[in-house]
Amino acid sequence: MAIGNAAGTGIRKSGDVDPNARQTVQLDDVITTVVMARVTDYFGFFVFAIASALVFPTIFFPYLEPVPATLASFAVFSLAFLARPVASLIGRRLEPRIGKPGKITVALMLLGTSTVAIGLLPGYDRIGWVAPALLAVLRVIQGLGLGGAWDGMTLQLKSAAPKERHGLYSMVPQLGGPIGFCVAAAMFYVLTGFLTEEEFYQYGWRFAFFAVMAVNVVSLFARLRLLTTNFGSDEATMMKSAPLGFLLRTQWREILLSAFLPLSSYALLHMLTVFPVSYTLLFTDNAIDRIILWQLVGGALAVGTVILSGLLADRYSKRAVIIGSSVLTLLLCLSIGTLNDNPAVYIVAGFIIFGLSYGQSSAIVPDRFSPDCRYSGSALATNLSWIFGAAFAPLVGLFLASTFGLWAAALYLVSGVVVTLVALFSLRRQSDKI
């Protein structure tokens, strides 16, 4: 996978170094930095997500029955997604004053401190209702940090990519999803495997949140380094925020349809990572460590299919990859019943399909906007996508499964696929091939 060959990408040169050698080293640096930043982001994201199914119902909602307690925990989980658009609006006002590096520094500090605070938060047994209330407040602050830290990595790599390799370069930031999940899941796998149940619920789960702060520092320096890298001549235009009123007046259709494009991928992400953990704990006799182990296997395979999505997108089109992965997701829904007795089938197959879908889910969005609205339009559409496709997926999936059965949760996933396909065929083709 020779994506480090940056000849012709427009990356700036300096000194007496051979131009092609300088470009190759610089772009490889950027790719490493992008992956590092995204992995740390998703590590923190999935630490909270897994804890929402595995820990929080017991620690913060013990006064409820198991299913309502988990639903309450998933409701708190969704708050961060609702806060992300607010953070984007605040970031638009902050960025002209303190710059993009300053905005991202503030955002990641908010994210890191709120995450550590969750790890230090006493449970319901010590401070009563104040515990879940503080958990909700800290989750909102996490959402503000996540929304404020959006930096258009896909746009930056796209601007550096040769035209015939847009798909391959665009999938690079998406590697952070499955890799970050694997790191978070591996941590919980170790904690649940080597600690007694009492030790895990008393203090073990907190270590995962403390680890997030450490990797957040890495993420901060990685992002700041990325922002000081010079790309092609059109980078300044691509990375500027368009006026919100102008954006909504001229690009509202593209924003709405682009928000629906990744819906299937984002819903599938949570129906593979968070939902199986909660369903297993509540409705089956399967050991939770086996579920996490199969998720680790699936996550590792998803890394490969994310890369494959880039190769397929360049050979055929992003559109073809999205359509193909959506059809495969429909077939996957037929296997959701295996969660009861043979969960490996649904989990591993699901992660393989997820990698194909997710690898191009963000890359396809920027193509829909005019250059002067690409950065702001992509940010707004991405935030809305996470709300529509991911925020309530664990909550809705578990509610449907607990009320009607797994078939109803599968229908929820089917609805996401239908919306994605309708949005894909509704978007008019523009200058870039999708």
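Cut-offs used in this document
- Residues numbered from 1 in each chain as written.
- Predicted model: local features only at pLDDT ≥ 70, side-chain atom pairs only at ≥ 80, totals over all residues.
- Heavy atoms only, no water.
- Axes fitted to C-alpha atoms, helices over the stretch in contact; angles between N-to-C directions.
- Helix = DSSP H or I, 4+ residues; strand = E, 2+ residues; numbered from the N terminus.
- Parallel < 35°, antiparallel > 145°, perpendicular 65-115°, else oblique.
- Left-handed = near helix turned anticlockwise from the far one by under 90°.
- Contact = heavy atoms within 4.5 Å.
- Nonpolar A, V, L, I, M, F, W, Y, C, P; charged D, E, K, R; others polar.
- Core = buried A, V, L, I, M, F, W, Y, C linked by side-chain atoms within 4.5 Å.
- Buried < 20%, exposed > 50% of the residue type's maximum accessible area, 1.4 Å probe, protein only.
- Salt bridge = Lys/Arg side-chain N within 4 Å of Asp/Glu carboxyl O.
- Phe/Tyr/Trp six-rings, centres within 6.5 Å; stacked < 30°, edge-to-face > 60°.
- Lys NZ or Arg CZ within 6 Å of the ring centre and 35° of its normal.

Okay, the packing of helix H13 (residues 263-273) against helix H19 (residues 393-403) next. Each pair of packed helices gets described by two things: the angle between the helix axes and the distance between those axes. The interhelical angle for the contact between H13 and H19, taken along N-to-C directions, is 60°, at an axis separation of 9 Å. Classed by the angle they form, the pair H13 and H19 counts as oblique. Both H13 and H19 take part in a crossing whose hand is right-handed. Note on element contacts: H19 touches H13 through Ala 393, Pro 394 and Gly 397, opposite Ala 267, His 270 and Met 271. Looking at the contact of H13 with H19 residue by residue, the classes come out as four nonpolar, two polar and no charged.

Moving on, we get to the nonpolar core. Core analysis: the largest hydrophobic core is formed by 78 residues, its most contacted members being Val 55, Phe 56, Phe 60, Phe 188, Phe 275 and Tyr 346. For this core, the leading source of residues is helix H1 (residues 19-54), giving eleven residues. Filtering out sequence-adjacent residues up to four positions away, Phe 56 remains in contact with Phe 48, Ala 51, Phe 61, Ser 73, Ile 118, Leu 135, Trp 205 and Phe 209. By size, the runner-up hydrophobic cluster in this structure holds 15 residues, among which are Leu 27, Ala 161, Leu 168 and Leu 175.

To continue, consider the pattern of salt bridges. As enumerated under the stated definition, the model contains two salt bridges in all. Ionic pairing is found between Glu 95 and Lys 100, a salt bridge with its closest N-O pair at 3.0 Å. Accessibility expressed as a relative area gives 12% for Lys 100, which makes it buried. For Glu 95, a relative accessible area of 16% puts it in the buried group. Through salt bridges with shared partners, a single ionic network connects Glu 95, Lys 100 and Lys 103.

What follows concerns the packing of aromatic side chains. This structure, assessed with the given rule, holds 33 aromatic pairs. Where Tyr 42 meets Tyr 358, the ring centres are 6.3 Å apart and the plane angle is 90°; that geometry is what we call edge-to-face. Of this pair, Tyr 42 sits in helix H1 while Tyr 358 sits in helix H17 (residues 343-359), and the two are 316 residues apart along the sequence. Given a relative accessible area of 2%, Tyr 358 falls into the buried group. Residues Tyr 63 and Tyr 124 carry aromatic rings whose centres are separated by 4.7 Å and whose planes lie at 40° to one another, so their mutual orientation is tilted. Of this pair, Tyr 63 sits in the loop between helix H2 (56-59) and helix H3 (66-120) while Tyr 124 sits in helix H4 (residues 124-127), and the two are 61 residues apart along the sequence. The class for Tyr 124 is partly exposed, based on a relative accessible area of 28%. Directly above the aromatic system of Phe 48 lies the positively charged group of Arg 139, at a separation of 4.0 Å from the ring centroid.

Interaxial distance between helix H14 (residues 275-283) and H19 falls to 10 Å at its minimum, and their mutual angle equals 30°. The pairing of H14 with H19 is recorded here as roughly parallel in orientation. Our pair here, H14 against H19, has a crossing hand that is right-handed. When H14 is examined against H19, the residues Phe 275, Ser 278, Tyr 279, Leu 282 and Phe 283 are found in contact with a partner set consisting of Gly 397, Leu 398, Ala 401 and Ser 402. For the contact of H14 with H19, the per-class residue count stands at six nonpolar, three polar and no charged.

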